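# Notes for the structure review
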Amino acid sequence: MKPFLRSQLERYAQRLGELNFLLSREDIMSDMAQYRRISVEHAEVTQVAGRYARYQQREADLAGAREMLADPDMAEMAQEEITSAEAELLQLEDELQRLLLPKDPDDARNAFVEIRAGTGGDESALFAGDLTRMYTRYAANVGWKVEVVSENAAELGGYKEIVLRIEGDHVYGALKFESGGHRVQRVPATETQGRIHTSACTVAVMPEPDEHEAIKLNPADLRIDTFRASGAGGQHINKTDSAVRVVHLPTGIVAECQDGRSQHSNKAKALQVLQARIQEKERSERAAKEAALRKGLIGSGDRSDRIRTYNFPQGRLTDHRINLTLYKLLAVMEGDLGDVLQALQHAREAEQLEELEMGATG
């Protein structure tokens, strides 16, 4: 194991002792907010310290087995133990490296997924519909709940723009690398000559803000309009001005919600989407500055970055950031996204590990 990793892990064992002491103090137990925060850290530190203790145990086992090799009667058993300990140590080192990587506090949050048709007219809107189906199917496969916050349907099918709210375990962490430009190459249904067309959509994945965060928006900075919801929303929704559009005047950012039955719930959701969009704008500006300093594999999550191509004639999906090519496009479009998301996650982890190492040696 690399010395910089070992020194980091030693700190966890030390921190565990400190946290155990803090959790035994009455003044901390009486302050629920502080108690919760320390308990969360305790759970994380316990996991790392526990795995490191196991690593040290297996290191000791390995050293003992190597000493036993000199004894002819014990050599065979010692060799078995050496093989087993070495394999487990490799596995534990990999696990410990992942546990040490810095965590994005937003990863555990629910997410808003905004899909917008780009170049390509009707075909782009149809592709936006396909991407919506892909994410919805994937969400269903992993047990997440999806609701439509707002939609602007296109005449021939699909969407000019749609915003989904996806609720479940670790949604933002799993989907955040989907932000960017998605390009499709295929023969449209309307094409008589059989020519392949290229069109594009942009996807933005934003963590859902804390429920109390949206209230921090200054009411003087907001213009709130109500309007009649369009499209298929049931008879009730078409008779009332329950849809809500909120404009953030300083930035010009707009959010709307027309899915709920009441104006009150639509306003609350629109404010959350607005807050998410404002935070996303700030985050992408920060990320662009960081990306200028170091060119990350995964990119800045900017929607102008072309991240992926879906080539239907060849049944091929290519993620340009990590040079991933899969020949199972139809399965992916039906929600089989696991391999793609996992590959992106691993690429980011490798990148973070490199940064940790450079920080330790720099």
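The notes below deal with the structure included here. Residue numbers here run from 1 along each chain, matching the order of that chain's written sequence. In keeping with the predicted nature of the model, local features appear solely for residues at pLDDT of at least 70, side-chain atom pairs appear and are counted solely at 80 or more, and the whole-chain, interface and lining totals rest on all residues. As a rule here, side-chain values cover all heavy atoms of the structure and leave hydrogens and water aside.

### Considering the pattern of salt bridges
Defined as follows: By definition here, a salt bridge exists when the distance from a side-chain nitrogen of Lys or Arg to a carboxyl oxygen of Asp or Glu is within 4 Å. For the purposes of this entry, the term helix denotes a DSSP run of H or I that reaches at least four residues, the term strand denotes a run of E that reaches at least two, and both are numbered from the N terminus. Here the term buried applies to any residue with accessible area under 20% of the maximum for its type, exposed to any over 50%, and partly exposed to those in between, with areas from a 1.4 Å probe on protein chains only.
This structure, assessed with the given rule, holds 36 salt bridges. A salt bridge links E88 to R54; the shortest N-O distance between them is 2.7 Å. Pair noted here: E88 is in helix α4 (residues 75-100) and R54 is in helix α3 (residues 32-68), with a separation of 34 residues, a long-range link. Relative accessible area serves as the criterion here: at 18%, E88 is assigned to the buried category. Between R277 and E114 there is a salt bridge, with its nearest N and O atoms 2.7 Å apart.

### With respect to the side chain of E114
Definition in use: Polar contact is defined as a pair of N or O atoms within 3.5 Å, subject to the rule that within protein one atom must be able to donate a hydrogen and the other to accept it, and that residues adjacent in sequence are counted only when both atoms are side-chain atoms.
Position of E114 among the secondary structure elements: in strand β1 (residues 111-117). Residue classification places E114 among the buried positions, given a relative accessible area of 1%. Reaching out from E114, the side chain makes a polar contact with the side chain of R116 at a distance of 3.2 Å. For E114, the side chain forms a polar contact with the side chain of R277, separated by 2.7 Å.

### Points about the nonpolar core
As a rule of thumb, nonpolar side chains are buried together in soluble globular proteins. Just so we agree on the cut-off: Among the buried residues, those of types Ala, Val, Leu, Ile, Met, Phe, Trp, Tyr and Cys that are joined through side-chain atoms within 4.5 Å form a nonpolar core. We call two residues contacting when some pair of their heavy atoms lies within 4.5 Å.
Of all hydrophobic cores here, the largest spans 37 residues; its most connected members are V113, L131 and Y310. Listed by contribution, the elements that provide at least two residues to this core are β1, α5 (121-142), β3 (159-167), α6 (171-175), β5 (197-207), β11 (324-326), α9 (329-333) and α10 (338-361). Per element, the largest residue contribution to this core is 7 residues, and it comes from α5. Setting aside its immediate chain neighbours within four residues, V113 contacts Y135, I162, V163, L164, I166, L175, V203, A204 and V205. Formed by 18 residues, the second largest nonpolar core is a distinct cluster that contains L9, L89, L99 and L356.

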